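Below are the chains, spelled out letter by letter.
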Amino acid sequence: MNARDFTTLFRVALRRQRFAFAAWAGSFYLILALLPRAYQKNLGSMEFRRSVIEMMNSNGATRLLFGTIPQPGTIGQAIQWESGMIIMVLTAVAALLIVTTAGRRGEDDGLRELVEGTGVSRATVFAVQAAMGTAFSAVAGAGCGFVLAVQAPLFSEVSVTGSVCLGVAIFLVGCAFSAVALVASQLADDAVGARRLSLLVLFLAFAVKMAAESSEQRWLQWLTPLGWKEPLHPFTDDRLVLAIPMAAIVGAFSTLAWRLYAGRELHGAYLRSARRSKARLRAKSVFSLSLRLGRRRLTGWLAGVVAMAALVGSMAGSFVTLTKKNSNYSDLVGKMGAGGDVTEKIVSIFSIIVGILVMCEAVSAMASLAETEKRGILDVELASGASRRSVLAGQAAAAAVESAILSAAGAATLAVTVGASLDWTSGREAAWRTVTQWPAAVFAIGFGSLLYAASRRLTAATWAAVGWSFALSWFGGILNLPKWMLDSTLLGWSFSPGHTEHVPQAVGLLAFGVAGSAVAAFLAYRRRDVLAG
């Protein structure tokens, strides 16, 4: 491997991914920069925390999602327990996306063929792909550790060693799922398949972590990178030496990826694509074609929404009991949810969790429009006589229908599980709150349509709206952000027959989504060339 070729190619790949690096890592830094003071304000005295920790650890809902809170419950321990887990999951998602973009997406676009045609070796190309995942993991892990460490002089309950240990855990998770993405890129026949396979592994990894917490079989934590934080014990024992065998596991996966890469032909794959068929496809309209092409995506998201709604809904009773027993925790829930009593606030939080997934599917559906243009499907549609505006309008309508299906499925599942866990009045409230999160998805569709109409490269920027809304919904109240900033979220504007105060905002989201799609279809999209954006 030529070091000069590696340096040049790595700098090019890093430049192409610089915005992704900055967006993901910057959001992690911002959260950890604000959390210590917010936790210090909300956690209360150490004696009071001990009783809270006992209740939280005895609560199956929180233990499954975040694990066990260490004693005595310092600020650092609280941060690594909840926010640390969330950042680890998001780091894994970011690493998967960055590696598949730098690797399999570059191969699909012909960049790998071009680079190897200049004399760069296959080993150098693979090394750059692996280095991109490692570089992002290092930026995320080292940056998060540094942001917490510099606050150690200000907060006695945040130690430098614990900050470093948490940063190492985040780094190892990113590297592990970078290796997973490298393996998936060799197995799948394109970037979309590699991402789906990688996300499936991430889902299974979280399921194994939950199994380890529910069964109290701690050895299971070693089988999933999402469980590696617990053996390291950040802000408690800080067992940094255990990072060595974890790094060895990551190295083994990277070696497997290299062996698969070395034995694969250019544009080849080890798994047969399930998205290709010799059967004749008949579509009556662009709308029906869009639905047909998105059926696998819809099936996957439907399974995820139903599973998540069933999980959180079944825990409603435990959350309500925990919240009513603890006034500080009740105040914290009050900042995150909307409604009158504790039950309504928790139902509101659950509906937002499902709403985030519905928004993600809507954005993914609009992003697939850029993919169809890139793969030449749009050319076929236009050659068959379909107009540009019908293509964009058909995709927007299909995305709206898919998101409506997910909202209805999530609402029904949440109604049944919350009703069984609490009471059926709360179940009906959960159904209303969930299904009325759909306007946020419609807004995202309209916003994505406008960005796609301007340039297909801008379509991915729609994810910024999802990330912004998630951050404000989950952390905004805890961080005591200004009301005008909290009101900029797309989520949380749900309503029910007994609580109609958010109806104007929901109607506004719907109006923007429809108007945005219409303007994009009838005006903006007609002003650029296909594949020229």
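Residues numbered from 1 in each chain as written. Predicted model: local features only at pLDDT ≥ 70, side-chain atom pairs only at ≥ 80, totals over all residues. Heavy atoms only, no water.

Brief notes about the overall build of the protein
Stated precisely, the cut-off is as follows: Working definition: helices are DSSP H or I runs of at least four residues, strands are E runs of at least two. Numbering for both runs from the N terminus. The size measure is the radius of gyration over C-alpha atoms, and the globule rule it meets is 2.2 Å times the number of residues to the 0.38 power. Type-normalised accessible area, obtained with a 1.4 Å probe on protein chains alone, sets the label of each residue: buried when under 20%, exposed when over 50%, and partly exposed for intermediate values. Residue contacts are counted whenever heavy atoms from the two residues lie within 4.5 Å of one another.
When its secondary structure is counted, the protein shows 24 helices and zero strands. For 533 residues, the compact-globule estimate of 2.2 N^0.38 gives 24 Å, and the C-alpha radius of gyration of the protein, at 24 Å, lies within 12% of that figure. Counting all 533 residues of the protein, 53% fall into the buried class. Taking the contacts inside the protein whose residues are at least 6 apart along the sequence as the reference set, 77% of them involve residues at least 24 apart.

Concerning the pattern of salt bridges
Stated precisely, the cut-off is as follows: Salt-bridge detection follows one rule: a side-chain nitrogen of Lys or Arg within 4 Å of a carboxyl oxygen of Asp or Glu.
Following the criterion strictly, the structure yields 11 salt bridges and no others. Across the salt bridge formed by Glu361 and Arg297, the nearest N and O atoms sit 3.4 Å from each other. With Glu361 in helix H17 (residues 342-375) and Arg297 in helix H14 (residues 295-314), this residue pair connects regions lying 64 residues apart in the sequence. Per residue, the accessibility class of Glu361 equals that of Arg297, and both read buried.

A word on a nonpolar patch on the surface
Applied cut-off: Residues qualify for a patch when their relative accessible area is over 30% and they have no salt bridge, like charges being joined within 9 Å and the nonpolar side chains of Val, Leu, Ile, Met, Phe, Trp and Tyr within 5 Å. Here the open area of atoms and residues is found with the Shrake-Rupley method and a 1.4 Å probe, where only the protein chains shown may cover a residue.
A surface patch of nonpolar side chains, about 210 Å² in accessible area, is lined by Val160, Val164 and Leu240. Val164 gets classed as partly exposed once you look at its relative accessible area, which sits at 39%.

Looking at the nonpolar core
Heads up, the rule is: Residue types Ala, Val, Leu, Ile, Met, Phe, Trp, Tyr and Cys, when buried and joined through side-chain atoms within 4.5 Å, form a set referred to as a nonpolar core.
Ranked by size, the top nonpolar core spans 106 residues in total, and within it Leu32, Leu35, Phe136, Phe177, Phe350, Leu392 and Leu414 carry the most contacts. Membership of the second largest hydrophobic core comes to 14 residues, among which are Phe443, Ala465, Val466 and Leu491.

A short note on helix H1 (residues 3-16)
Selection criterion: Each helix should span, by expectation, one fewer than its residue count multiplied by 1.5 Å. Our arc is simply the arc of the directions from the helix axis toward the C-beta atoms.
If you check H1, its first and last C-alpha atoms are 20 Å apart, about what 14 residues at 1.5 Å a residue would give, namely 20 Å. Taken residue by residue, H1 has Leu9, Phe10 and Ala13 as its buried positions. Down the axis, H1 shows its buried residues gathered within 105° of arc, on one side only. Opposite the buried face of H1, by more than 90 degrees, sit the exposed residues Arg4, Arg11 and Arg15. Buried residues in H1 make contact with helix H7 (111-117) and helix H8 (122-149).

Observations regarding the packing of helix H19 (residues 388-421) against helix H20 (residues 424-435)
For clarity, the threshold we go by: Axis definition: a line fit to C-alpha positions, over the contact stretch in the case of helices; interaxial angles, taken between N-to-C directions, run 0 to 180 degrees. Throughout this description, any angle smaller than 35 degrees is read as roughly parallel, any larger than 145 degrees as roughly antiparallel, any in the 65 to 115 degree range as roughly perpendicular, and the remainder as oblique. Each helix crossing is assigned a hand: it is left-handed if the near helix lies turned anticlockwise from the far helix by less than a right angle, otherwise right-handed if that turn is clockwise. Note on residue categories: nonpolar means Ala, Val, Leu, Ile, Met, Phe, Trp, Tyr, Cys or Pro, charged means Asp, Glu, Lys or Arg, and polar means any other residue, Gly included.
Packing of H19 against H20 leaves a shortest axis separation of 7 Å and a crossing angle of 160°. Regarding the angle of H19 to H20, the classification is roughly antiparallel. Between H19 and H20 the crossing geometry is right-handed. Contacts between H19 and H20 involve Ser407, Gly410, Ala411, Leu414, Ala415, Val416, Val418, Gly419 and Ala420 from the first element and Trp424, Ser426, Gly427, Ala430, Ala431, Thr434 and Val435 from the second. Across the contact of H19 with H20, the residue classes break down as 10 nonpolar, six polar and no charged.

With respect to the environment of Asp341
In this structure, Asp341 sits in the loop between helix H16 (327-336) and H17. Owing to a relative accessible area of 43%, Asp341 belongs among the partly exposed residues under this scheme. Spatially, the C-alpha atoms of Asp341 and Thr224 are 38 Å apart, while their sequence positions differ by 117 residues.

Brief notes about a positive patch on the surface
Rules: Two residue types count as positive, namely Lys and Arg, and two as negative, namely Asp and Glu; His and chain ends fall outside the count. Think of each charge as sitting on NZ of Lys, CZ of Arg, CG of Asp or CD of Glu.
A grouping of Arg196, Arg292, Arg295 and Arg296 is seen on the molecular surface, where their side chains present a positively charged patch. We classify Arg292 as partly exposed; its relative accessible area is 38%.

Examining helix H13 (residues 286-293)
The set of residues buried in H13 consists of Val286, Leu289 and Ser290. For H13, the arc enclosing every buried residue in end-on projection is 100°, short of the 170-degree limit, so these residues lie on one face. Contacts made by the buried residues of H13 are with helix H18 (377-383) and H19.

Some details on the environment of Ile69
Inspection of the secondary structure puts Ile69 in the loop between helix H4 (60-66) and helix H5 (75-81). Among the residues examined, Ile69 registers a relative accessible area of 8% and is labelled buried. Considering only alpha carbons, one finds Ile69 and Gln80, 11 residues apart in sequence, at a separation of 9.0 Å. Those residues in contact with Ile69 that lie beyond four places of it in its chain are Ile53, Met56, Asn57 and Trp81.

Quick word on the confidence of the model for the protein
Parts of the model with low pLDDT should not have their predicted coordinates read in detail. Our working definition: Every residue carries a pLDDT, the predictor's confidence in it, which falls somewhere between 0 and 100.
Per-residue pLDDT for the protein has a mean of 85; in total, 91% of the residues score no lower than 70. Element-level pLDDT for the protein is lowest in H16, with a mean of 64, against a maximum mean of 94 in helix H9 (residues 160-187).

Looking at the side chain of Thr124
Basically, it comes down to this: Whenever a nitrogen or oxygen atom comes within 3.5 Å of another N or O atom, the pair is scored as a polar contact, on the condition that within protein one atom can donate a hydrogen and the other can accept it, and that pairs from neighbouring residues in sequence are kept only if both atoms are in side chains.
With respect to the secondary-structure elements, Thr124 resides in helix H8. In terms of polar contacts, Thr124 uses its side chain to reach the side chain of Ser121, at 2.8 Å. Not counting chain neighbours up to four residues away, the residues in contact with Thr124 comprise Met1, Asn2, Asp5 and Phe6.

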